[in-house]
Amino acid sequence: MSEGLVHGVVYSVVIVTVVLTATAMALWFERKFAARLQTRLGPTMVGPSGLLQPVADLLKLLQKEDIVPANADAVIFNLVPLLAALAALGAAAVVPFSPSVVASDLDVGVLYVLAIGAVTVLPVFGAGWASNNKLALLGGMRAVAQSISYEVPLLLSAMVPVILSGSLRLGTIVQAQADHHWFVVWPFFIGIPAFFIFVLAMLAESNRIPFDIPEAESELVAGVTTEYTGIKFALFYMAEYIHTLVASAVGAALFLGGWDGPFRPGLHWMVLKTLLLFVAVYWIRWSLLRFRSDQLMALCWKYLVPASVLLVGAAAVWVVLV
Amino acid sequence: MRSYFATAARALSTSLRNLLRRPVTVEFPKVIRQRAERYRSSFALLHEEDGDEACIGCLQCERICPSQVIAIKAGGKRESPISGKKRGYADDFVLDLNACIYCELCVQVCPTDAIVMTREPEVPAYGREELVLTMAKLYANEKSKHRAWGDATRLNGMQVPPKAPAAPKPASPTAPAAGSPAAGPTAAEKANGGSPPAAAASPAAPSSTAPPVAPAEVPVTGNAASGSAASAGPPPASPPSGGAAGATASAPPASGTTPATGASSAPVTSPSGADAPAAPGTPPTGSGEGGS
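Residues numbered from 1 in each chain as written. Chains lettered and ligands numbered in written order. Predicted model: local features only at pLDDT ≥ 70, side-chain atom pairs only at ≥ 80, totals over all residues. Heavy atoms only, no water.

Draft legend 1. A look at the overall build of chain B. For chain B, the count of helices and strands is 13 helices and five strands. For chain B, the proportion of its 292 residues judged to be buried stands at 37%. Across chain B, every contact between residues at least 6 apart in sequence was considered, and the portion connecting residues at least 24 apart equals 73%. Total accessible area on chain B is roughly 16000 Å²; 59% of this is exposed by carbon and sulfur atoms. (Helix = DSSP H or I, 4+ residues; strand = E, 2+ residues; numbered from the N terminus. Buried < 20%, exposed > 50% of the residue type's maximum accessible area, 1.4 Å probe, protein only. Contact = heavy atoms within 4.5 Å. Areas by Shrake-Rupley, 256 points an atom, 1.4 Å probe, with all protein chains shown as cover.)

Draft legend 2. Examining the interface of chain A and chain B more closely. Taken together, the contact pairs 19 residues of chain A with 16 residues of chain B. When chain A packs against chain B, the two sides together hide about 1700 Å² of surface, and 72% of this comes from carbon and sulfur. Linking chain A to chain B there are zero salt bridges. Taken together, the connections running from chain A to chain B amount to eight residue pairs in polar contact (both at pLDDT 80 or more). (Buried area = accessible area lost by both parts, 1.4 Å probe. Salt bridge = Lys/Arg side-chain N within 4 Å of Asp/Glu carboxyl O. Polar contact = N/O pair within 3.5 Å; in protein donor to acceptor, adjacent residues only side chain to side chain.)

Draft legend 3. Molecular detail of the nonpolar core. Judged by nonpolar contacts, the single largest core of 85 residues is most densely connected at Val110, Tyr150, Val160, Phe198, Phe211 and Leu254 of chain A. Element by element, the count of residues in this core is highest for helix 10 (residues 230-255) of chain A, at 13 residues. Sequence-distant contacts of Val110 of chain A, defined by excluding residues within four places in its chain, comprise Ala158, Val162, Leu168, Leu170, Ile173 and Leu254 of chain A. Counting 29 residues, the second largest nonpolar core, distinct from the first, contains Phe43, Leu95, Leu133 and Ala152 of chain B. (Core = buried A, V, L, I, M, F, W, Y, C linked by side-chain atoms within 4.5 Å.)

Draft legend 4. A look at the confidence of the model for chain A. Per-residue pLDDT for chain A averages 83, and the proportion of residues at 70 or more is 96%. By mean pLDDT, helix 9 (residues 217-220) of chain A is the weakest element of chain A at 70, and helix 12 (residues 293-321) of chain A is the strongest at 87. (pLDDT = per-residue confidence, 0-100.)

Draft legend 5. Layout of the sheet that holds strand 2 (residues 70-79) of chain B. All names here are of chain B. In spatial order, the strands read 2-3-5; together these three strands make up an open sheet with antiparallel pairing. At either end of the open sheet lies a strand with only one pairing partner, and these are strand 2 and strand 5 (132-133). Note that strand 2 and strand 3 (residues 86-96) share nine bridges and pair antiparallel. Pairing of Ile70 across the sheet is with Leu95, part of strand 3. (Pairing = 2+ DSSP bridges.)

Draft legend 6. Here's a closer look at the packing of aromatic side chains. Enumeration according to the criterion identifies 11 aromatic pairs over all chains in this entry. Relative to Phe33 of chain A, the ring of Phe29 of chain A lies with its centre 5.2 Å away and its plane at 15°, an arrangement referred to as stacked. Taken together, the residues Phe29 of chain A and Phe33 of chain A, both in helix 1 (residues 2-37) and four residues apart, mark about one turn of the helix. Of the residues examined, Phe29 of chain A reaches a relative accessible area of 24% and is grouped as partly exposed. In this structure an aromatic cluster arises from ring pairing among Phe233, Tyr237, Tyr241, Phe278 and Tyr282 of chain A. When the ring centre of Tyr39 of chain B is taken as reference, the NZ or CZ atom of Arg35 of chain B above it lies at 4.5 Å. (Phe/Tyr/Trp six-rings, centres within 6.5 Å; stacked < 30°, edge-to-face > 60°. Lys NZ or Arg CZ within 6 Å of the ring centre and 35° of its normal.)

Draft legend 7. The confidence of the model for chain B, seen in detail. Residue and element names in this part refer to chain B. Mean pLDDT over chain B: 65, with 53% of residues reaching 70 or higher. Across chain B, the element-wise mean pLDDT spans from 39 in helix 8 (residues 204-221) up to 91 in helix 2 (residues 60-64). Interface confidence for the predicted complex, given as ipTM, is 0.70, next to a pTM of 0.64.

Draft legend 8. Representation of the pattern of salt bridges in the model. On inspection of all chains with the given rule, the structure shows seven salt bridges over all chains. Put simply, Glu30 of chain A and Arg285 of chain A hold a salt bridge, and the shortest N to O gap is 2.7 Å. Taken as a pair, Glu30 of chain A in helix 1 and Arg285 of chain A in helix 11 (residues 266-285) lie far apart in primary sequence, 255 residues in all. Between Arg40 of chain B and Glu104 of chain B there is a salt bridge whose closest N-O contact spans 3.6 Å. Of the two residues, Arg40 of chain B sits in the loop between helix 1 (2-20) and strand 1 (42-45) while Glu104 of chain B sits in the loop between strand 3 and helix 3 (105-109), which places them 64 residues apart along the sequence. Take Glu104 of chain B: its relative accessible area is 4%, and that puts it in the buried class.

Draft legend 9. Molecular detail of the packing of helix 5 (residues 121-130) of chain A against helix 6 (residues 134-165) of chain A. All names here are of chain A. One can describe the packing of helix 5 onto helix 6 by two numbers: an axis separation of 7 Å at closest approach and a directional angle of 160°. Regarding the angle of helix 5 to helix 6, the classification is roughly antiparallel. The crossing of helix 5 and helix 6 is left-handed. The segment helix 5 lies against helix 6, with Val121, Val124, Phe125, Gly128 and Trp129 engaging Ala136, Leu137, Gly140, Met141, Ala143, Val144 and Ser147. (Axes fitted to C-alpha atoms, helices over the stretch in contact; angles between N-to-C directions. Parallel < 35°, antiparallel > 145°, perpendicular 65-115°, else oblique. Left-handed = near helix turned anticlockwise from the far one by under 90°.)

Draft legend 10. Representation of the side chain of Gln177 of chain A within the structure. Residues and elements named next belong to chain A. Its location among the elements puts Gln177 in helix 7 (residues 170-179). Overall, the relative accessible area of 0% leaves Gln177 in the buried class. Here Gln177 is in contact with Trp182, Phe183, Ala253, Leu254, Phe255, Leu256, Gly257 and Asp260, once residues within four sequence places are set aside.

Draft legend 11. Spotlight on helix 12 of chain A. Residue and element names in this part refer to chain A. In this model, helix 12 (29 residues) spans 41 Å end to end at C-alpha, consistent with the 42 Å of a helix rising 1.5 Å per residue. By the largest-angle criterion, Leu304 marks the main kink of helix 12, which is about 35°, and a proline, Pro306, follows within four residues. The complete set of buried residues in helix 12 reads Leu296, Ala298, Leu299, Cys300, Leu304, Val305, Ser308, Leu311, Val312, Ala315 and Trp318. (Expected span 1.5 Å × (residues − 1). Bend = angle between axes of the 7 residues up to and from the residue.)

Draft legend 12. Spotlight on the layout of surface pockets. All names here are of chain A. Taken as a whole, the largest pocket spans an internal volume of roughly 1000 Å³. In terms of lining, the largest pocket is formed by 47 residues, of which the most central are Phe236, Tyr237, Met238, Glu240 and Tyr241. When residues of the lining of the largest pocket are traced back to their parent elements, those giving at least two are helix 1, helix 2 (53-63), helix 5, helix 6 and helix 10. It is helix 10 that contributes the most residues to the lining of the largest pocket, nine residues altogether. Considered class by class, the residues forming the lining of the largest pocket number 27 nonpolar, nine polar and 11 charged. (1 Å grid on protein atoms, 1.4 Å probe; cavity = no way out; pocket = protein on both sides within 12 Å on 5 of 7 lines; lining within 4 Å. Points joined across faces, edges and corners; volume = space filled by probe spheres on them. Nonpolar A, V, L, I, M, F, W, Y, C, P; charged D, E, K, R; others polar.)

Written as structure tokens, this is what we have:
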């Protein structure tokens, strides 16, 4: 009992540290990668190749004045940035980085991840509401509408590996792929579309381009973060990156065989796959334009939801027949 | 929606291809691109060869400046401490770069080539005060900075063809006949009229090279006289234009019109360009514009 507790605490600390560091690097990476996609250079001045840019950014944000708008709901306003970061970090708890490196391999891991992912919309809406700012409120409302919509295909597509492996535990799902095939390899006609839908829904969940309607700069200033300054803004920003990072890890575990791979230890493969998915997310983000609100809903309800329902059915049939 | 996916695929492939290309960014403070030929960033006031200030305080630049950034305190006429001659001076000369539009009109209008533009220093500064060029700064720029490409003499040399004070003198009776219908008869007259003496001054050598050279240089300055010279080619025109180019440097008597073609090509061909401004500088007598 106490052994399990120690294990949990130690791994939590390690994983949180790793994820936060990775988030800082992700900041640098995104700027560098986006720049190269546009044949620019990106940060070059702070440290070698601008590697210390996240540190500089953080230091700058720490120096900023911490403003709470006069008519804002101060308690909620101050609380939600922390909640956003915590909710995003929480999902990292069940990600199996290798057969042994996992903070807590819950037997309902997939459910937990999706539930935590759904919770992230709460602080976002809270921020919009508490800011007492029309742009923030509009952003918050859009975020809720979008997240709730995309929760459905995300959930359904995540059900596919669950059905195929017969378990909600992420460790077991990965092990099932390690024993047979990765779900994107076989049955690929179910795995690949499900993976595709999962990535799209994940993008939408994290409010990234092309689904960044909640913070559409050209319409809503900065959406829910309009009124936030300094470190609180940084927390929101960080939560977004952590969410993308953790969701990439979950996607790698669900569809890409997690730690499974030849020659190298499992941890290496898991990290490699997570980063590949992460890069793909940024590749999409910096190549596409923003959807219109109605297009977003049409994509979700007319295409992704029916497709994912079909895929769940196909997975069930596959499990029964094969 | 289907078309959106096609577009999205194209966007993704485009950005992926960009990833493999070299970034186009030039890291400015570290790498400074080659400036354009006519790049100019600041001003300098010059001294005469004998060490006297070239500016005579005539206020022409102050008057012509469209944004009124030049403020001169004219010192009136007094004896030059160097040459002993009586001439004008500027007691103070301030040029405010903050509002300067870099039109170079002040340079162009200067009768003594006293003010020129420079390629250095770079304009960005930490305060507005740094961009106010005082007289001391302007004279300091003379010594330390790269000159820009133009001064008054050269800029004026690029203007419209000279009025024809000296040209019609040897006007030959064949001129009207030679004038092509397209070009203005006066221009053709000028071109042909100027030619006989020029051809006489330098007969053989230039005439052989002339025909190809003339048309190539003509369009650059859009000079009516030289244009007609090229179009009036058939009869006696090919020696004239060649003669003109040759005469610029060699024959002062022909300086009335013929240098017009020579000087107008100055920015293009450097040797003749170097010669052209020198010519009017020495005899600035009658044809101030025409000579250059």
